[in-house]
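An overview of the molecular structure
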2 protein chains.
Amino acid sequence: MDFRQRIDDAIAKAIAHGQLGTPPKRLATALEYAVTPGGARIRPTILMSVAAACGDRDPKLANAAAAALEIMHCASLVHDDLPCFDDAPIRRGKPTVHRKFSQPIAVLTGDSLIVMAFEVLIRAGVSNPSTALQLLGILSCRTGMPYGICAGQGWESEAQVDLSAYHMAKTGALFVAATQMGAVASGQEAEPWTELGARIGEAFQVADDLRDALCDEDTLGKPTGQDEAHARPNAVTQFGVEGAVSRLKDILGGAIASIPACEGEAELAEMVRKPAERLNPVTAPRTIPGE
Amino acid sequence: MDFRQRIDDAIAKAIAHGQLGTPPKRLATALEYAVTPGGARIRPTILMSVAAACGDRDPKLANAAAAALEIMHCASLVHDDLPCFDDAPIRRGKPTVHRKFSQPIAVLTGDSLIVMAFEVLIRAGVSNPSTALQLLGILSCRTGMPYGICAGQGWESEAQVDLSAYHMAKTGALFVAATQMGAVASGQEAEPWTELGARIGEAFQVADDLRDALCDEDTLGKPTGQDEAHARPNAVTQFGVEGAVSRLKDILGGAIASIPACEGEAELAEMVRKPAERLNPVTAPRTIPGE
């Protein structure tokens, strides 16, 4: 089974568990709406790729870890789209959760998905509690305060922003979680995989900046020009389009160099190299699928 | 050390962990604001009482479980107070988080506290992963969908409400978590402790209805008459004040009868009996501390 199928199956299983018995219907429907059909599933795909490169020692745990990570990411999108943050009308080409349902449902959808992310891993971990606890530790560390995506979003309420901490937490955190959790799910140490995740996160940030500056709303499935509108730092503003693309290639080169020795090292390097090879100022934005 | 001290120390330790390094300050401050000085800490006190009645086999894990449960409860209060839900101006006698800080900070405070609740248990669980995973399973089940407090709040967005599912999820869930987690932290099975938690939850709901109907805002530290204002079901409306008090005594009697055989059975029964003995229509509201 390919990664995408394994990821989507694991997410569908988690959502089905959340609909057991007779739950409140609108909230149950909104949970499914928020995670399907899904974007590129980039983070869980990276997690799966690292788990495979490390020998895919425990596929069930890797599937659960991938679902947990993607569900957490979806939770963050639902809350980031709320009127008090980005007030986004569309996401992945359809109305955002608060527009489609309501603000109360959107807040509860995010909350329920955060809990569900942990729950997926907790349930899958019964046969291997010690590894499951390590995976849960990475997920919580990269989601909450002070190092996770909550912290990243929190920086946007500060008058003085620590830019490196902001980017690392806001975008980098879940990529670090992806590489670390992939390795741990296959019985490896987390730490040697930190740099790969951080570099992919950096690359993703630059690619996102390029998309935000160059794509139209139809291609992207969400509003563009948001960084400029919210006066957020952006690699294109800083380095220009060609400069940003060149920076992206450098970062991906560093990512490849950081891959720890493992049985699937070559395939993993290829996975990181492929998008980099396709990149140039004209095609760059279109080769990176939207979220 | 008494329960209150153990609970408050464990919560303070969790908050300090969330402030490591250089986190975004407003969010870090808001997390502390949302959990201190705290209300009656009823749920973690019940958890500690059950753990003690079962021999307090692993005090560190019990402390972490109690902190996790209270932090989760505080997260739910912060989100419930948001303008799109209760739009509450005060909580525990001070401005709610969104009034004191901002809506974005309030959403992120709730999110960060949910994550922190899991994280506290994950970190404490290293020495006993299997028990920690059980505790985490109870916490997630009683927080998310379809059986937890998120589901409870979700019922308020439904046209047709399943009242028993609503009360069980909205109020009962964290009390069931309290008794089950207390037992599990001391190496006992969770299931036999479910009814005690459910009964205490029911009693708490009736007591809350009495407070809402009879107390003034200063005594309660939050707005009163909210059930009437939001047309929510309420035991006082249904049975009158004397009827509600009589019902409360019945429920607590059932709670005492449900306590499983354990070394501290008598002390536990005493803990449940005490508030029931003090109850009468006049003093009832003042003997139950506000949250």
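Keep in mind it's a predicted model, so treat the numbers as computed, not measured.

Structural notes on the overall build of chain A
Across its full length, chain A carries 15 helices and 2 strands. Seen along its three principal axes, the alpha-carbon backbone of chain A occupies a region of about 55 × 50 × 35 Å. Counting every position in chain A, which comprises 291 residues, the buried fraction comes to 55%. Taking the contacts inside chain A whose residues are at least 6 apart along the sequence as the reference set, 68% of them involve residues at least 24 apart.

Structural notes on the relation of the copies chain B and chain A
Each copy of the chain is related to the other by a rotation around an axis and a translation along that axis. Take chain B, turn it by 180°, move it 0.0 Å along the axis, and it overlays chain A with an RMSD of 0.0 Å. In short, the pair behaves as if placed about a two-fold rotation axis. Relative to the rotation axis, the closest C-alpha in chain B is found at Pro129(B), a distance of 2.7 Å.

What to know about the environment of Thr29(B)
With respect to the secondary-structure elements, Thr29(B) resides in helix H2 (residues 25-35). Sequence separation between Thr29(B) and Thr109(B) is 80 residues; the distance between their C-alpha atoms is 9.5 Å.

A word on the packing of helix H4 (residues 59-80) of chain B against helix H7 (residues 129-141) of chain B
Residues and elements named next belong to chain B. Between H4 and H7, whose axes approach to 11 Å, the crossing angle comes to 20°. Between H4 and H7, the crossing angle belongs to the class labelled roughly parallel. As H4 runs across H7, the sense of the crossing is right-handed. Residues Leu61, Ala65, Ala68, Leu69 and Met72 of H4 pack against Thr131, Ala132, Leu135 and Leu139 of H7. A breakdown of the residues in the contact of H4 with H7 according to their chemical character gives 8 nonpolar, 1 polar and no charged.

So, the interface of chain B and chain A
Across the contact, 54 residues belong to chain B and 54 residues belong to chain A. Going through the elements one at a time, H2, helix H6 (103-124), H7 and helix H8 (149-155) of chain B are the ones with two or more residues in the side of chain B that touches chain A. In terms of residues, the side of chain B that touches chain A owes the most to one element, H6(B), which gives 14 residues. Partitioned by chemical class, the residues of the side of chain B that touches chain A number 29 nonpolar, 19 polar and 6 charged.

Notes on helix H10 (residues 194-214) of chain A
Its 21 residues give H10(A) an end-to-end C-alpha distance of 30 Å, which sits within 8% of 30 Å, the value for a rise of 1.5 Å per residue. For H10(A), the tally of buried residues reaches 16 of 21 residues, placing the bulk of the element in the interior.

Considering the environment of Pro23(B)
Examined against the element boundaries, Pro23(B) turns out to sit in the loop between helix H1 (3-17) and H2. Beyond its immediate sequence surroundings of up to four residues, Pro23(B) is in contact with Met145(A), Pro146(A), Ala151(A) and Ala28(B).

Let's talk about the confidence of the model for chain A
Residues and elements named next belong to chain A. Mean pLDDT over chain A: 90, with 92% of residues reaching 70 or higher. Here residues 281-290 is modelled with pLDDT under 50, and outside its nearest four sequence neighbours on either side it reaches 25 contacts, counting other chains as well. Per the prediction output, this complex has pTM 0.92; the corresponding ipTM is 0.92.

A short note on the nonpolar core
In terms of nonpolar packing, the biggest core is built from 195 residues, with Ile71(A) and Ile71(B) touching the most fellow members. If sequence neighbours within four positions are ignored, Ile71(B) has contacts with Ile11(B), Ala14(B), Val35(B), Leu113(B), Met116(B), Ala117(B) and Val120(B).

Brief notes about unusual backbone geometry
All names here are of chain B. Each neighbour pair has its own omega, and for Thr36 with Pro37 the value is -5°, a cis peptide bond. Relative to the helices and strands, Pro37 is located in the loop between H2 and helix H3 (42-53). Cis geometry is found at the peptide bond from Met145 to Pro146, where omega equals 5°. Structurally, the position occupied by Pro146 is in the loop between H7 and H8. Even without a glycine there, the phi angle at Arg41 is positive, about 50°. Positionally, Arg41 belongs in the loop between H2 and H3. Overall, the presence of 23 C-beta atoms within 10 Å leaves Arg41 in the buried class.

The rules we used
- Residues numbered from 1 in each chain as written.
- Chains lettered and ligands numbered in written order.
- Predicted model: local features only at pLDDT ≥ 70, side-chain atom pairs only at ≥ 80, totals over all residues.
- Helix = DSSP H or I, 4+ residues; strand = E, 2+ residues; numbered from the N terminus.
- Buried ≥ 20, exposed ≤ 12 C-beta atoms within 10 Å, placed from the backbone.
- Contact = placed C-beta atoms within 7 Å.
- Least-squares fit on C-alpha atoms with pLDDT ≥ 70 in both.
- Axes fitted to C-alpha atoms, helices over the stretch in contact; angles between N-to-C directions.
- Parallel < 35°, antiparallel > 145°, perpendicular 65-115°, else oblique.
- Left-handed = near helix turned anticlockwise from the far one by under 90°.
- Nonpolar A, V, L, I, M, F, W, Y, C, P; charged D, E, K, R; others polar.
- Expected span 1.5 Å × (residues − 1).
- pLDDT = per-residue confidence, 0-100.
- Core = buried A, V, L, I, M, F, W, Y, C linked by C-beta atoms within 7 Å.

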